[in-house]
Amino acid sequence: MTTLEDRPATDGSGAELGRARRRKEDRRLITGRTRWTDNIVLPGMLHAAFVRSPFAHARITSIDVSAARAAEGVVAVLTGQDLDDEQGSLPCAWPITPDMKSPRHPALAVDRVAFAGEAVAVVVARSAAAARDALELVDVEYEELPVVLDIEAAVQDGADLAHPDLGTNASATWVFDSAEAGTGDDVDAAIETARREGVVIERRFRQQRLVPAFMEPRSVIVDPTGEQITMWSATQVPHILRVMLALTTGTPESKLRVIAPDVGGGFGGKLQVTPEEVATLLVAKRLGKPVKYTETRTESILTAHHGRDQVQRLTLAATKDGRVTGLKVDLLADMGAYLGLVTPGVPILGAFMFNAIYKFPAYRFTCTNVFTNKAWTDAYRGAGRPEATFAIERLMDELAAELGEDPLVVRERNWIRHEEFPFTTVAGLEYDSGNYEAATARAKELFGYDELRREQAERRERRDPVQLGIGVSTFTEMCGLAPSRVLGALSYSAGGWESASIRMLPTGKVEVLTGSSAHGQGHETAWSQIVADQLGVPFEDVEVLHGDTQIAHKGMDTYGSRSLVVGGIAVVKAAEKVVQKAKVVAAHMLEADPDDLEFSGGRFSVRGTDKGTSMADVAFAVFAAHDLPDGVEPSLDSDATYDPDNFSYPHGTHLCATEVDTETGRVTIRRYVAVDDVGRVVNPLIVEGQVHGGLAQGIAQALYEEAVYDEQGTLTTATFVDYLLPGAPDLPHFTLDRTETPSTTNPLGVKGVGEAGTIASTPAVVNAVVDALRPYGVQDVEMPMTPQRVWRAVHGAGGGETSRQDEHWAQPVQSSQSVSGAQDDAHDAQGGAR
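**Student:** How would you summarise the packing of helix α12 (residues 385-403) against helix α21 (residues 756-773) if you had to cite specific residues and measurements?
**Tutor:** Any two packed helices are characterised by the angle at which their axes cross and by the distance between the axes. Closest axis-to-axis distance for the α12/α21 pair is 8 Å, and the angle between their directions is 30°. Taken together, the axis directions place α12 and α21 in an arrangement best described as roughly parallel. Both α12 and α21 take part in a crossing whose hand is right-handed. For the pair formed by α12 and α21, the contact residues are Arg385, Pro386, Thr389, Phe390, Glu393, Arg394, Asp397 and Glu398 on the first element and Ile759, Thr762, Pro763, Val766, Asn767 and Val770 on the second. Its residues assigned to classes, the contact of α12 with α21 comprises six nonpolar, three polar and five charged.

Written out as structure tokens, the structure reads:
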């Protein structure tokens, strides 16, 4: 019987790369032998709880803490006024424009609250229960202020202000124009030409607000009793957190140690410096005792940052034969009440992806970031890229509908062909590799595309109340969040490099120190596979250490699908240095010239002879140091810091078939096929797991999830009773496959995968539902596409006649030429599309 561990590499080489190994981490995780932050108990540890504002916008007129301070078990109660000289302002690392407006963001509000749930005081007690009980004894008086909730209304003249002292709700406006940048033509000219001679598609789409909903709530412990202050935190970014805590609170960085133990998911939601981390640090320092805070699930949904929340106004220009000529994007992005760590830059990441895989000659992107009295937004799985992909993939379907063509044919007419790589896009990025044709062909085959189109035609013909819809999403993404020079050009405050160290132990075992900080990605397994291949040591002999700034002292952490393509390559570079050091010693041991040595499978051999020695033998010889070459230090340990030359660009084709009951509005996903190209695969099991999780979150945005505020600014979806997360029974079976075009910008040929499923799936599902409803005159259904919204779209749009384009779509596609001919006839009959 072949176990998963025995499954060989996909290329048949027997190498570790490509081998479907079970994750090293899983044994301790699923047997409960790990330590989450909340599991940690320290001697004399105190517990914190936070008093939070029930109002979305209000002036704090008074806080009476006397009763809470007198309560049993309470050690201290501190307000924003008490900590104001120490707490500074929470950091924003991405000032996207020189004139960007940013309000002060204290950990504890001092004189005004700007969203419901904002912390105004902290209670510290001997038990968590005592701290929570004492919250009710803190008496806070508020004077309510006007609440700003709608971003379109917020930018109108005379609108109420989320922060009156700023004088505006607009934080910043960021513009990219291809004509000004020299990467393309003037988009307004392209649109005007299309209005006269071609096709113009204009749409408004809404990206609803989402909650990251990680499995483990945020938790932090601060121990100030040692020479260093140690913080354990359920964070994605221990290294960044350490730097930012030092800058924010004035604590010397050398006196701070941050540890991210096993972390139960993040999805960008733990890419943050939180008010609770800062406040817990300050309270622990003041009291001189360890302090722990763990949020409730409601606190997590209410006050941890949210994601998405955009209004997109889009104009696509094309010729009559369906070749795109211009794209204009106008965004309003909801920042919420404050600017978090990368809040302003999230929509800007999308600026480079609206053009996607298509050869637009002209492009303009304008984004205005807007303050409201809601929880602030920040990175959520994909961070700007899902929003962009949704917009362009919806537009391509709308263009196909106008032309009466199959949406895959329209895409193929406009995408970059495989022989055109490397390709510089209208947004100025250089895509290094890809094969959109291959991924799409494989997806169509697995999906049974033509058969489903025939079935769709039959069901439309008989006016079936349950209509079949077919959705397409052909996507790419920029991931890795590097190189540093590009991030600098975008005004990002940090770099995009990553660090790794390899320690060769005397017995030949290996320790890998990585600046990437895993929270479910499988770094310990994948890094072990990489090092096993690079050094020729057994997989089991590699230990991966991470998440502790005292052990892996240097790093940029984990987000943006950067771990493998940046952190993994740093590991490769460190391993190469180990081999070069060992080669000199091995040559000395073998009495040979280093240039005559070959290294393979963990063994140095003299070319043309049977003489050789193992890496383990060299490691022990270096440890003993009895006979080393002159000038060679007794160490094989090596460090590397890798800063890539380019982003990585995974891509894929996702196809979705939905059954839409027009009488009830119920949507059922009947079939879902995803063919992704993530370059060379290190571990297929990990890749498939990442894609499955991404698909679940992308489908959830399309059908289920939304953070909803009432007219007073109260979050009405602050529990999992009201915020709808899909479970396994709500999701379809996923059919996955891969094509492979290795990246040309890194030595492993790898690309990112962590966000691909989320980016591609949302438009695939929405396109499928809209496709099912086109005979009813439906052009869009706002997300999440609940049964009520779908029913209203059907019965509110009017009409039920199948249009000429629907009749055409129902036919199997034979070739681009035959489809184009039919499209021309349809266009002539319509007298031109607008």
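From this point on, the discussion continues.
**Student:** Which residues make up the sheet that holds strand β20 (residues 510-514), and what values go with them?
**Tutor:** Adjacent strands of a sheet pair through backbone hydrogen bonds, lying either parallel or antiparallel. Spatially, the four strands line up as an open sheet ordered β21-β20-β19-β25, and their pairing is mixed. Either end of the sheet is taken by a strand with one partner, and the two such strands are β21 (542-545) and β25 (638-642). Pairwise comparison of adjacent strand axes, ignoring direction, gives a mean angle of 20° for this sheet. Sheet topology note: the strand β19 (residues 498-504)/β20 ladder contains five bridges and is antiparallel. When the bridges of β20 are listed, Met504 appears paired with Val510.

**Student:** Before we move on, could you go through unusual backbone geometry and cite the residues and values that matter?
**Tutor:** Cis rather than trans, the peptide bond between Phe421 and Pro422 has omega equal to -5°. Here Ala482 and Pro483 are connected by a cis peptide whose omega angle stands at 15°. Looking at where Pro483 falls in the secondary structure, it is placed in the loop between β18 (466-476) and α16 (484-489). The phi angle at Asp309 is positive, at roughly 70°, despite the residue not being glycine. Relative to the helices and strands, Asp309 is located in strand β13 (residues 307-318).

**Student:** Give me the lowdown on the environment of Phe539, citing residues and values where you can.
**Tutor:** Here Phe539 shows up in the loop between α17 (523-535) and β21. With relative accessibility at 7%, the residue Phe539 sits in the buried group. Separated by 427 residues in the primary sequence, Phe539 and Arg112 place their C-alpha atoms 56 Å from one another.

**Student:** With reference to specific residues and values, describe the environment of Glu253.
**Tutor:** Positionally, Glu253 belongs in the loop between α8 (238-249) and β11 (256-259). In this structure Glu253 comes out as partly exposed when scored by relative accessible area, which is 36%. Expressed as a C-alpha distance, the spacing of Glu253 and Trp527, which sit 274 residues apart in the sequence, is 28 Å. Each residue touching Glu253, except ones within four places of it in the same chain, is listed here: Arg242, Val243 and Ala246.

**Student:** Got a sec to walk through the pattern of salt bridges? Specific residues and values, please.
**Tutor:** Counted under the stated rule, the structure contains 61 salt bridges. With its nearest N and O atoms 3.0 Å apart, the salt bridge here joins Asp541 to Lys509. Separated by 32 residues along the polypeptide, Asp541 in the loop between α17 and β21 and Lys509 in the loop between β19 and β20 bring together distant segments of the chain. Residue classification places Lys509 among the partly exposed residues on the basis of a relative accessible area of 35%. Taken together, the shared-partner salt bridges in this structure form one network comprising Glu455, Arg459, Arg462, Asp464, Glu659 and Arg670.

**Student:** Go over the pairing of β18, please, and point to the residues and values.
**Tutor:** In terms of residue burial, β18 counts as a mostly covered element, since 10 of its 11 residues are buried. Strand direction decides the pairing type here: β18 and strand β26 (residues 651-661), joined by 11 bridges, are antiparallel. Within β26, the residue paired with Gly471 across the bridge is Cys656.

**Student:** Quick one: what's the story with the environment of Thr319, residue by residue and with numbers?
**Tutor:** Its place among the elements puts Thr319 in the loop between β13 and β14 (324-336). Through-space distance from the C-alpha of Thr319 to that of Ala190 is 9.8 Å; in sequence the pair is 129 residues apart. Discounting residues that sit within four places of it in the chain, Thr319 has contacts with Gly198, Val199 and Thr325.

**Student:** Describe the packing of aromatic side chains, naming the residues involved and giving the relevant values.
**Tutor:** In the structure shown here, the tally under the stated rule is 19 aromatic pairs. Relative to Tyr142, the ring of Phe55 has its centre 5.3 Å away and its plane inclined at 70°; by these criteria the two rings are edge-to-face. Residue Phe55 is found in the loop between β1 (46-52) and β2 (58-64), and its partner Tyr142 is found in strand β6 (residues 139-144); the two are separated by 87 residues along the sequence. The class for Phe55 is partly exposed, based on a relative accessible area of 27%. Owing to a relative accessible area of 17%, Tyr142 belongs among the buried residues under this scheme. Between Tyr672 and Phe734, the ring centres sit 5.9 Å apart and the planes meet at 80°, which makes this aromatic pair edge-to-face. You can see Tyr672 sitting in strand β27 (residues 667-677) and its partner Phe734 sitting in strand β28 (residues 734-738), a full 62 residues away along the chain.

The rules behind each value
Residues numbered from 1 in each chain as written. Predicted model: local features only at pLDDT ≥ 70, side-chain atom pairs only at ≥ 80, totals over all residues. Heavy atoms only, no water. Axes fitted to C-alpha atoms, helices over the stretch in contact; angles between N-to-C directions. Helix = DSSP H or I, 4+ residues; strand = E, 2+ residues; numbered from the N terminus. Parallel < 35°, antiparallel > 145°, perpendicular 65-115°, else oblique. Left-handed = near helix turned anticlockwise from the far one by under 90°. Contact = heavy atoms within 4.5 Å. Nonpolar A, V, L, I, M, F, W, Y, C, P; charged D, E, K, R; others polar. Pairing = 2+ DSSP bridges. Buried < 20%, exposed > 50% of the residue type's maximum accessible area, 1.4 Å probe, protein only. Salt bridge = Lys/Arg side-chain N within 4 Å of Asp/Glu carboxyl O. Phe/Tyr/Trp six-rings, centres within 6.5 Å; stacked < 30°, edge-to-face > 60°.

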